[in-house]
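Chain and residue survey
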Amino acid sequence: MFYQVLKYVLLGPLLRLLFRPRIEGLEHVPEEGPAIIAGNHLSFSDHFLMPVVLKRRITFLAKQEYFTGPGLKGRLTAAFFRSAGQIPVDRSGKEAGRAAIREGLGVLSKGELLGIYPEGTRSHDGRLYKGKVGVAVMAITAGVPVIPCAMVGTFEIQPPGRVVPKVKRVTIRFGAPLDFSRYAGMEGEKAAVRAVTDEIMYEILALSGQEYVDEYAAKVKAEAETSKAVRKFPRRER
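The structure displayed is predicted, hence computed values, not measured ones. (Residues numbered from 1 in each chain as written. Predicted model: local features only at pLDDT ≥ 70, side-chain atom pairs only at ≥ 80, totals over all residues. Heavy atoms only, no water.)

1. Describing the overall build of the protein
- When helices and strands are tallied, the protein shows ten helices and nine strands.
- With the principal axes as the frame, the protein shows a C-alpha extent of 65 × 45 × 35 Å.
- Counting every position in the protein, which comprises 238 residues, the buried fraction comes to 44%.
- Summarising the internal contacts of the protein: among those between residues at least 6 apart in sequence, 78% fall at separations of at least 24.
- A total accessible area of about 12,800 Å² is found for the protein, and carbon and sulfur atoms account for 56% of it.
- Side-chain charges in the protein split into 36 positive and 25 negative, and the spacing between the mean points of these groups amounts to 9 Å. (Helix = DSSP H or I, 4+ residues; strand = E, 2+ residues; numbered from the N terminus. Buried < 20%, exposed > 50% of the residue type's maximum accessible area, 1.4 Å probe, protein only. Contact = heavy atoms within 4.5 Å. Areas by Shrake-Rupley, 256 points an atom, 1.4 Å probe, with all protein chains shown as cover. Lys, Arg positive; Asp, Glu negative; His and termini not counted. Charge placed at Lys NZ, Arg CZ, Asp CG, Glu CD.)

2. Description of the packing of helix α7 (residues 134–142) against helix α9 (residues 190–208)
- It is the contact of α7 with α9, at a shortest axis distance of 8 Å, that shows an interaxial angle of 105°. For the element pair α7 / α9, the angle class is roughly perpendicular. Every residue of α9 that contacts α7 at Val135, Ala136, Val137 and Ile140 is listed here: Val193, Val196, Thr197 and Ile200.
- Grouping the constituent residues of the contact of α7 with α9 by class yields seven nonpolar, one polar and no charged. (Axes fitted to C-alpha atoms, helices over the stretch in contact; angles between N-to-C directions. Parallel < 35°, antiparallel > 145°, perpendicular 65-115°, else oblique. Nonpolar A, V, L, I, M, F, W, Y, C, P; charged D, E, K, R; others polar.)

3. Details of unusual backbone geometry
- At Arg20, a residue that is not glycine, the phi angle is positive and equals roughly 40°.
- With respect to the helices and strands, the residue Arg20 is situated in the loop between α2 (12–19) and β1 (22–24).

4. Details of the pattern of salt bridges
- Enumeration according to the criterion identifies seven salt bridges in this entry.
- Among the ionic pairs, Glu211 bridges to Arg127, the shortest N-O distance being 3.5 Å. A residue pair is termed long-range when its members are at least 10 positions apart, and Glu211 in the loop between α9 and β9 (212–213) and Arg127 in the loop between β5 (113–116) and β6 (128–129) qualify at 84 residues.
- Across the pair Glu215 and Lys219 runs a salt bridge whose closest N-O atoms are separated by 3.0 Å.
- Beyond isolated ion pairs, a larger network of salt bridges with shared partners links Asp125, Arg127 and Glu211. (Salt bridge = Lys/Arg side-chain N within 4 Å of Asp/Glu carboxyl O.)

5. Focus on the pairing of strand β2 (residues 35–39)
- The buried count for β2 comes to five of five residues, which makes it a mostly enclosed element.
- The two faces of β2 match: Ala35, Ile37 and Gly39 on one face and Ile36 and Ala38 on the other face are all buried.
- Note that β2 and β5 share four bridges and pair parallel. Paired with Ile36 across the two strands is Leu114, which belongs to β5.
- Here four bridges tie β2 to strand β7 (residues 146–152), and the two strands are oriented parallel to one another. Within the sheet, the bridge partner assigned to Ala38 lies in β7 and is Pro148. (Pairing = 2+ DSSP bridges.)

6. Overview of the environment of Glu223
- Relative to the assigned elements, Glu223 resides in helix α10 (residues 217–232).
- Judged by relative accessible area, Glu223 falls into the partly exposed class, the value being 44%.
- A polar contact is formed between the side chain of Glu223 and the side chain of Lys219, at a distance of 2.9 Å. (Polar contact = N/O pair within 3.5 Å; in protein donor to acceptor, adjacent residues only side chain to side chain.)

7. Considering the environment of Phe60
- With respect to the secondary-structure elements, Phe60 resides in strand β3 (residues 58–63).
- On the basis of relative accessible area, Phe60 is assigned to the buried category, the value being 2%.
- For the pair Phe60 and Gln86, spaced 26 residues apart in sequence, the C-alpha separation works out to 5.4 Å.
- Setting aside chain neighbours within four positions, we find Phe60 in contact with His47, Met50, Pro51, Gln86, Ile87, Gly115, Ile116 and Tyr117.

8. Let's talk about the side chain of Thr171
- Position of Thr171 among the secondary structure elements: in strand β8 (residues 171–174).
- The class of Thr171 is buried, set by a relative accessible area of 7%.
- At 3.3 Å, the side chain of Thr171 and the side chain of Arg22 are in polar contact.
- Discounting chain neighbours no more than four positions away, the residues touching Thr171 are Arg22, Glu24, Ala150, Met151 and Val152.

9. Describing the nonpolar core
- Formed by 29 residues in total, the largest nonpolar core has its most connected members in Ile36, Met138, Val146, Phe180 and Ile200.
- Those elements that provide at least two residues to this core are β2, β4 (87–89), α6 (94–109), β5, α7 and α9.
- Here Phe180 is in contact with Ala139, Val146, Val196, Glu199 and Ile200, once residues within four sequence places are set aside.
- Residues Tyr3, Val29, Ile147 and Ile172 belong to the second largest nonpolar core, which totals 23 residues. (Core = buried A, V, L, I, M, F, W, Y, C linked by side-chain atoms within 4.5 Å.)

Here is the structure:
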């Protein structure tokens with residue numbers, strides 16, 4: 001219920017008015033039945049702008065930190081994501097990854113749309129990074145199509161660290177559904193899930209026009225933060 005209120009009364013009309021999203025390829029999103037929408041992740045705003053343009057409800061696997069933040073801001077954020085039906089996901093370790101896959105398969109088993117960002121985290125520099133294989137495991141296991149999606153312009157309106165987004169038009173592109181039925185029964189094979197994931201990321205890249213980096217975003221982001229800290233606080237020679 002609260003999801004519908006957010007989409008059609010509270011947030012949806014305001015977001016459409018401010019950002020005037022161009023919507024391309026919406027006809028590729030099935031009107032019924034389970035499917036995965038896999039997109040790039042450039043901004044916190046992505047969580048709101050994609051659902052606004054979809055005709056159907058979509059459930060995202062959201063990082064657990066959105067549900068455990070401290071203080072009033074943290075409680076409000078957690079309440080918002082829970083009310084919108086989003087699912088918290090612990091991103092640390094293999095068991096956490098398996099739990100996320102179980103949650104995602106649960107959404108798909110109900111015939112619903114599942115939203116996922118294969119990069120695993122927001123891009124810190126606007127580039128597209130290597131996808132994690134969970135999206136492939138879910139697509140093969142559930143036997144559902146994957147619709148690639150590209151958010152264009154959301155990094156410019158709200159890059160990491162910016163609280164209030166700039167008012168600027170954005171574009172949301174959906175690609176043709178990807179059918180991975182040829183991989184049926186191969187969700188446990190590393191080569192197969194890597195191939196499926198790479199195909200999904202290639203389609204997102206074609207839609208977004210981003211520069212691609214064949215490394216995981218979390219790793220590159222951590223290295224960048226470490227390098228920044230070293231430059232700021234260089235070790236003194238004894």
